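# Tertiary structure, described
Letter by letter, the chains look like this.
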Amino acid sequence: MNKEKLYIWACDISHYTGEGNLGNLFIKKKLKPFYDLKIIKPKSKIIIKNSILKNRYIRPIIGIFYCWKFYLLGKKVCYLNYLPLWNLPIFILIPPSSLLGPITGGSNYKKECSINYFLREYFFPVLYKLSICVINIRKFRTVFSTSLLKKYINIDLKKNSDFNFFLEGLTKKESLKKKTNDFIIYYRKHKNKQKLYPIDFIRKLINHKFKLLVVGDRFNEHGVKNLGYLNKKKLRNILSKTKIFISSGENIF
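Note that the coordinates shown come from a computational prediction; the quantities given were computed from them, not determined experimentally.

### Quick look at the overall build of the protein
Of regular secondary structure, the protein possesses seven helices and ten strands. The buried share of the protein, reckoned over its 253 residues, is 41%. Intrachain contacts of the protein at a sequence separation of at least 6 include 65% that bridge at least 24 residues. As displayed, the protein offers around 15300 Å² of accessible surface, 58% of which is attributable to carbon and sulfur atoms.

### Some points on the pattern of salt bridges
Tallied over the full model, the rule gives five salt bridges. The salt bridge partner of Glu168 is Lys30, with a shortest N-O separation of 3.8 Å. Here the residue Glu168 occupies a position in the loop between β6 (161-162) and β7 (181-187), and Lys30 occupies one in helix α1 (residues 18-31), the gap between them amounting to 138 residues. We classify Lys30 as partly exposed; its relative accessible area is 26%. Note that Arg203 and Glu221 form a salt bridge whose closest N and O atoms lie 2.9 Å from each other. Here Glu221 lies in the loop between β8 (212-216) and β9 (224-228) and Arg203 lies in helix α6 (residues 199-207), a separation of 18 residues in the sequence.

### Some points on the environment of Pro95
In this fold, Pro95 is placed in the loop between α3 (88-93) and β4 (99-100). The sequence separation of Pro95 and Tyr79 amounts to 16 residues, and the corresponding C-alpha distance is 9.5 Å. Ignoring anything within four residues of it in the chain, the contact list for Pro95 reads Cys67, Trp68, Tyr71, Val77, Arg138 and Phe140.

### Here we look at the packing of aromatic side chains
What describes a pair of aromatic rings is the distance from one ring centre to the other and the angle between the planes of the rings. Per the stated rule, a full pass over the model turns up twelve aromatic pairs. Taken together, a centroid distance of 5.5 Å and an interplanar angle of 85° make the contact between Phe183 and Phe210 edge-to-face. Highlighted residues: Phe183 in strand β7 and Phe210 in the loop between α6 and β8, separated in sequence by 27 residues. Residue classification places Phe210 among the partly exposed residues on the basis of a relative accessible area of 35%.

### Focus on a nonpolar patch on the surface
Taken together, the side chains of Ile115, Phe118, Leu119, Tyr122 and Phe123 define a hydrophobic patch exposed on the protein surface, amounting to about 540 Å² of accessible area. Within the secondary structure, Ile115 is located in helix α4 (residues 115-138).

### Observations concerning the environment of Tyr229
Counting through the fold element by element, Tyr229 comes out in the loop between β9 and α7 (232-240). Separated by twelve residues in sequence, Tyr229 and Asp217 place their C-alpha atoms 7.2 Å apart. When sequence neighbours within four positions are dropped, the list of residues in contact with Tyr229 reads Tyr16, Arg188, Gly216 and Asp217. Here the side chain of Tyr229 touches Asp217 through a polar contact of 3.2 Å, side chain to side chain.

What counts and what doesn't
- Residues numbered from 1 in each chain as written.
- Predicted model: local features only at pLDDT ≥ 70, side-chain atom pairs only at ≥ 80, totals over all residues.
- Heavy atoms only, no water.
- Helix = DSSP H or I, 4+ residues; strand = E, 2+ residues; numbered from the N terminus.
- Buried < 20%, exposed > 50% of the residue type's maximum accessible area, 1.4 Å probe, protein only.
- Contact = heavy atoms within 4.5 Å.
- Areas by Shrake-Rupley, 256 points an atom, 1.4 Å probe, with all protein chains shown as cover.
- Salt bridge = Lys/Arg side-chain N within 4 Å of Asp/Glu carboxyl O.
- Phe/Tyr/Trp six-rings, centres within 6.5 Å; stacked < 30°, edge-to-face > 60°.
- Patch = residues over 30% accessible without salt bridge, like charges linked within 9 Å, V, L, I, M, F, W, Y side chains within 5 Å.
- Polar contact = N/O pair within 3.5 Å; in protein donor to acceptor, adjacent residues only side chain to side chain.

Here it is in structure tokens:
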């Protein structure tokens, strides 16, 4: 039996980022078994130097145009990522009957006197409600990567949504490798993550001569080994040799 062709817009399907790995998992679990896939990625000539600007603001706009291009040609389309619940224009502008990749977003942030706090405390909840209204009106079937945003979601959308999709990527595997590393730390320079890292605790570990590895952005403390961004295979190998993993407090998942 021939599968229906599905055109997918993907802002990021790399194996070096959480967004990319989540997108690949969605393709594997939700799309590949049912469709003949055609993945559309940003062309190199439109890539700009600022990766945050590129991923969060430029690529989604380009993706909307690509989705409409194939929709008007009579094709079935999917908008895979970047898809945070606050990004209202995406839910308004994508073509009817589009499939949506996993919706992301967190609800924990540092409470302080800053623009970031003001936006997340007062502005984002308004965008969440507007996005939810649009999703309900347009009858999109939604999959959320975690359950962190569940408290903002009304009963109607909850009935038409799946939560904690990331759990589908978890597998239990016994590791026989010797644990040569004490701690591994995921570190990212992000306004919502920066002040939620247990910096004092990490410095105490350094003072006690524990062996610490850092993945992600560079952590400028003497006594740690920075590994940079690793693909999924390399990261799993390092994790299998490490006793304890440390993450930031904004997203326990």
